[in-house]
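# Understanding the architecture of this molecule
Okay, here's what each chain looks like letter by letter:
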Amino acid sequence: MDSLYNRYASALFSIAKEKGCIEEYRSEIKLLIDVLKDNVDLEHLFSSWFIELKEKEDIIDKVFNDFKEDIRNFIKVIVANKRGNELHKILEEYVKISNAELGIEEGIVYSTEKLTKAQIDKIEKKLSEVTKVKVELVNRIDERLIGGIKVVLNDSVYDGSLRSKIESLRKALLKGDR
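What comes next concerns the included structure. (Residues numbered from 1 in each chain as written. Predicted model: local features only at pLDDT ≥ 70, side-chain atom pairs only at ≥ 80, totals over all residues. Heavy atoms only, no water.)

A few words on the nonpolar core. Ranked by size, the top nonpolar core spans 31 residues in total, and within it Ile29, Leu32, Phe46, Phe64, Ile75, Leu91 and Tyr94 carry the most contacts. Of all the secondary-structure elements, those providing two or more residues to this core are α1 (2-19), α2 (22-38), α3 (40-46), α4 (53-63), α5 (69-80) and α6 (87-102). Ranked by residues supplied to this core, first place goes to α1 with seven residues. Those residues in contact with Tyr94, other than ones at most four positions away along the chain, are Ala9, Leu12, Phe13, Ala16, Ile22, Tyr25, Arg26 and Ile29. Core analysis: the next-biggest nonpolar cluster, separate from the first, contains nine residues, Leu115, Ile120, Val151 and Leu153 among them. (Core = buried A, V, L, I, M, F, W, Y, C linked by side-chain atoms within 4.5 Å. Buried < 20%, exposed > 50% of the residue type's maximum accessible area, 1.4 Å probe, protein only. Helix = DSSP H or I, 4+ residues; strand = E, 2+ residues; numbered from the N terminus. Contact = heavy atoms within 4.5 Å.)

Written out as structure tokens, the structure reads:
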């Protein structure tokens, strides 16, 4: 299935690249992914055998009216090819492809409470300097943390949490006992 997602995403990416709109499409696609996460029934509607294609296309035009026409048409093609239930994964694949082209790495910053936009920007800036790529982070709450933050970026974990520091101290103390 991954190649299916990639074929569709690559087709949209080619259009975006040709028009010089990779980043703009990426922003809209990320917004579209959020809309689908918040409205799970949309993907069910798009993959329903009981709703005519014309009706689905009308719904796409109404619901996604503020999105670029190419993106609306892209959704229509996916739905017409009976891949509506794969839309979310196809869109995520587009984000991956565009991230690779734009040199962007996405990650998660875990904290005990919601971080402000300024705090996230500061962390992104610092990590961008360290990794030499543009970093974009999403904040998630992790109640297991005692304090501080933990950032997961691809295969790397930057752990500045109090819990991690306590665990390191515990290990160091245990080593000293032997």
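The structure having been displayed, the exposition proceeds.
Right, let's get into the sheet that holds strand β1 (residues 104-111). The pairing of strands in a sheet happens through backbone hydrogen bonds and is either parallel or antiparallel. Taken in spatial order, the four strands line up as β2-β1-β3-β4 in an open sheet, and their pairing is mixed. With one partner strand each, in any of the chains shown, β2 (134-141) and β4 (156-159) form the two edges of the open sheet. Taking the axes of each pair of neighbouring strands and ignoring which way they run, one obtains an average angle of 20° across the sheet. Sheet analysis places strand β3 (residues 149-153) next to β4, joined by four bridges and oriented antiparallel. Residue pairing in the sheet places Val151 in a bridge with Tyr158 of β4. (Pairing = 2+ DSSP bridges. Axes fitted to C-alpha atoms, helices over the stretch in contact; angles between N-to-C directions.)

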